[in-house]
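A closer look at the structure
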Amino acid sequence: MKKGKDIDREELKTAANEPLSPVSQLFVLPGLYCVIVLTLGFKTRCNPSAIVEGIKNTWIKLPRFSSKVEMKRNGQAVWVPVTVRVEDHVIVPDLDHFNIENPDQFIEDYTSNIASTPMDMSRPLWEFHVLNIKTSNAESVGIGKLHHSLGDGVSLMSLLLASSRKVSDPKAPPTTTTTKKHADSNAKGWWCIRRFWLMINIIFTTLIELFKFWLTLCFMRDTKTPLMSEPGDIVRARKCIHRIISLDDVKMIKNTMEMKVNDVLLGMTQAGLSRYLNKKSDDDMATRKKKIRLRGTVAVNLRPDTKIEDLTNMMEKGSKCRWGNFVGVVIFPLWVRCEDDPLEYVRKAKSTMDMKRISMEALILYGLVKCIMKIFGDKAAENLVKRVFGHTTLTFSSVMGPKEEVSLFDHPMSYVTATASGGPQALIIHFVSYVDKIIINLAVDTTVIPDPHQLCDDLVESLDIIKLAALEKGVHKMEV
């Protein structure tokens, strides 16, 4: 019996020495504290007991959801397994429904409040709030707050998918699609030449992008605009808002312009920011419009693939899969102009993203941060990351959600949103898709941007304008 206890103690000690990944290590530093807020709209009233039981059978079986972060004497953060009482992490607030005049505004304020409240680092870094309050888009709402050290957006969305089931078939997990590469049979003879030219293009583009990154790191800072935070800003409270738009509208523009969904979303963002700044700018700024430098850090998933089957096996059988923060960033120059042709915004977005897609910038920067942490320590890596984010205006990311209606622990979902809160930038923009919807999520420092709803309106109106222009282009093509 004593020998068995010694073995258990030895296994626990080994597990406790598992270090955080380089990116996760950065997120636990006070200057780069960041959380992900996941909001789920349900089509039925939420049963807290079913949520607790569901989490016990799924999330809690992932090691990071049953571990806390502990700092060792050498400054390295490690995962330490602990006993978790799920009921302590599932929060059901006592709501005074009679005094809630605007449920949508209440959910917005509640989400913003929990996103801005620091997490208790002495226990597992997650919590789930259950609010049985009817909004304009849901009968009840579940809000998950997860520290970014647990994983990036792709990991957490994969976890959500692995924990969900089809509404049409309650026993089946959601279907996922894989990207297939098609070889052009007519170009096989030119394969060597094409591959050689591609390698030259990748090297040349990567060197240019790394040179731009070096300039940003040293001195090149974005132009001061109503969206730009002050140098040296600390992590501040955020206002979290969201808006639902049609995925079909985005796909129509994508097909008409022959580009990707992300290109359309970035083009819409450029148009919306131009529209917002045009309203805010004075005559002096209007004359300098062509000289404005406004850039965003775009999150890039570095995994070749993330299968929900791997996560399902991990939760059911204890197998291992690639989980955590494996994400890089690229610096994306935003086209902020008053264009007569709205489609120019999406053309510019596609042109820039085509360059970024063949560049190795994201992977090299990820490796650079990892090397700096090993050689010079966490503080040096923290200063580098804060300088990059401090010299740019915003962060942009997008995550593909379920393509069909799903239920989480027997609760059919009407929408899913996600946003991050933290860092020195005043604006974080996330896009999440769900079935035929795309949800725009803004996390805003209201001391810099006091009217986030206006900014969100400008993004939505810009999409409508681009859609009309794309429709006219499509009609013109048919006539020709």
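The numbering scheme is per chain: residues are counted from 1 as the chain's sequence reads. Note on the predicted model: pLDDT of at least 70 is required for a residue's local features to be given, and 80 or more for side-chain atom pairs to be given and counted; whole-chain, interface and lining totals, by contrast, use all residues. Processing note: side-chain calculations cover all non-hydrogen atoms of the structure and skip hydrogens and water entirely.

**Some remarks on the sheet that holds strand β9 (residues 239–246)**
The 6 strands lie next to each other as β9-β16-β15-β12-β10-β11, forming an open sheet whose pairing is mixed. If you trace the sheet from one side to the other, it starts and ends with β9 and β11 (327–333), each paired once. The mean angle between the axes of side-by-side strands here comes to 20°, regardless of whether they run parallel or antiparallel. Note: two strands are recorded as paired if DSSP finds a minimum of 2 bridges between them. Secondary structure elements follow DSSP: runs of H or I no shorter than four residues count as helices, runs of E no shorter than two count as strands, and numbering proceeds from the N terminus. Pairing analysis gives 7 bridges linking strand β10 (residues 295–301) to β11, with the strands arranged antiparallel. Among the inter-strand pairings, Ala299 is bridged to a residue of β11, identified as Val329. When checking whether two residues touch, look at their non-hydrogen atoms; a contact exists if any pair is within 4.5 Å. To get an axis, a line is fitted to the C-alpha atoms, and for a helix only the part in contact is used. The angle between two axes follows their N-to-C directions and goes from 0 to 180 degrees. Sheet contacts for helix α7 (residues 247–257): β9 and β16 (437–444); angle to β9, the most-contacted strand, approximately 65°.

**Some remarks on the pattern of salt bridges**
When the charged atoms of two side chains with opposite charge come close together, those side chains can pair. We define a salt bridge as a side-chain nitrogen of Lys or Arg found within 4 Å of a carboxyl oxygen belonging to Asp or Glu. Evaluated as defined, the whole model comprises 25 salt bridges. Between Glu87 and Lys56 there is a salt bridge, with the nearest N and O atoms lying 3.0 Å from each other. Pair noted here: Glu87 is in the loop between β4 (77–81) and β5 (90–91) and Lys56 is in helix α3 (residues 48–57), with a separation of 31 residues, a long-range link. Burial classes follow relative accessibility: with a 1.4 Å probe on protein chains only, a residue under 20% of its type's maximum area counts as buried, one over 50% as exposed, and anything between as partly exposed. Assessed through its relative accessible area of 32%, Glu87 is described here as partly exposed. Accessibility expressed as a relative area gives 30% for Lys56, which makes it partly exposed. Across the pair Glu139 and Lys134 runs a salt bridge, and its minimum N-O distance is 3.7 Å. Look at the salt bridges and you will find they share partners, linking Glu209, Lys212, Lys356 and Glu361 into a network.

**Examining the environment of Leu32**
Secondary-structure assignment places Leu32 in the loop between α2 (22–27) and β2 (34–42). The spatial distance from the C-alpha of Leu32 to the C-alpha of Pro424 is 8.1 Å, given a sequence separation of 392 residues.

**As for the sheet that holds strand β13 (residues 406–408)**
Here we have 7 strands laid out as an open sheet, ordered β5-β6-β7-β2-β14-β13-β8, and mixed in their pairing. A single partner strand is all that each edge strand has here, and the edge strands are β5 and β8 (164–166). Inspection of the sheet shows β5 paired to strand β6 (residues 126–131) by 2 bridges, in the parallel sense. The residue bridging Ile91 from the neighbouring strand is His129, located in β6. Against the sheet, α3 contacts β5, β6 and β14 (411–422), and its axis sits at roughly 155° relative to β6. Seen against the sheet, helix α5 (residues 153–163) touches β2, β7 (140–147), β8, β13 and β14 and runs at an angle of roughly 55° to β8.

**Examining the packing of helix α8 (residues 261–280) against helix α11 (residues 343–358)**
One way to put it is that α8 packs onto α11 with a least axis distance of 8 Å and a crossing angle of 125°. Viewed along their axes, α8 and α11 adopt a mutual orientation that is oblique. Crossing of α8 over α11 shows right-handed handedness. Note on element contacts: α11 touches α8 through Tyr345, Val346, Lys348, Ala349, Lys350, Met353 and Arg357, opposite Asn262, Asp263, Val264, Leu266, Gly267, Met268, Gln270, Ala271 and Ser274. Following the grouping adopted for this structure description, the nonpolar residues are Ala, Val, Leu, Ile, Met, Phe, Trp, Tyr, Cys and Pro, the charged ones are Asp, Glu, Lys and Arg, and the polar ones are all others, Gly among them. Considered class by class, the residues forming the contact of α8 with α11 number 8 nonpolar, 4 polar and 4 charged. The scheme is simple: roughly parallel for angles under 35 degrees, roughly antiparallel for over 145, roughly perpendicular for 65 to 115, oblique for anything else. A crossing counts as left-handed when the near helix is turned anticlockwise from the far one by less than a right angle, and as right-handed when that turn is clockwise.

**Observations regarding the nonpolar core**
The biggest cluster of nonpolar side chains holds 60 residues, and the ones touching the most others in it are Leu40, Ile51, Ile55, Phe65, Trp126 and Val416. When residues in this core are grouped by element, the largest group, 6 residues, is from β2. In contact with Ile51, not counting residues within four places along its chain, are Cys46, Val90, Phe128, Val130, Phe409 and His411. Buried residues of nine kinds, namely Ala, Val, Leu, Ile, Met, Phe, Trp, Tyr and Cys, make up a nonpolar core once their side-chain atoms join them within 4.5 Å. Among the nonpolar cores identified, the runner-up in size contains 56 residues, and Leu247, Ala420, Ile429 and Ala469 belong to it.

**Description of a nonpolar patch on the surface**
A contiguous nonpolar surface patch, about 370 Å² in accessible area, is contributed by Phe196, Trp197 and Ile200. Tracing the sequence through the fold places Trp197 in helix α6 (residues 191–218). Only residues whose relative accessible area exceeds 30% and that form no salt bridge enter a patch; like-charged residues are grouped when within 9 Å of one another, and nonpolar side chains (Val, Leu, Ile, Met, Phe, Trp, Tyr) when within 5 Å. Surface accessibility in these figures is a Shrake-Rupley result with a 1.4 Å probe; residues are shielded only by whichever protein chains are displayed.

**Some thoughts on the packing of α7 against α8**
Direction vectors running N to C along α7 and α8 enclose 105°, while the axes themselves pass 9 Å from each other. On the basis of their axis angle, the class for α7 and α8 is roughly perpendicular. Taking contact as the criterion, the partners of Val250, Ile253 and Lys254 in α7 are, on α8, Val261, Val264 and Leu265. For the contact of α7 with α8, a count of residues per class yields 5 nonpolar, no polar and 1 charged.

**Some points on α3**
Here α3 has its buried residues at Ile51, Val52, Gly54 and Ile55. All buried residues of α3 project into a common sector of 165° when viewed along the axis, lining one side. Buried residues along α3 sit against β5, β6 and β14. Pairs of N or O atoms within 3.5 Å make up the polar contacts considered here, provided that, within protein, one atom can donate a hydrogen while the other can accept it, and that residues adjacent in sequence are counted only when both atoms are side-chain atoms. Between a side-chain oxygen at the N-terminus of α3 and the backbone nitrogen of Ser49 the separation is 3.1 Å; the capping residue is Asn47. Working definition: the arc comes from the directions between the helix axis and the C-beta atoms, pointing outward to the latter.

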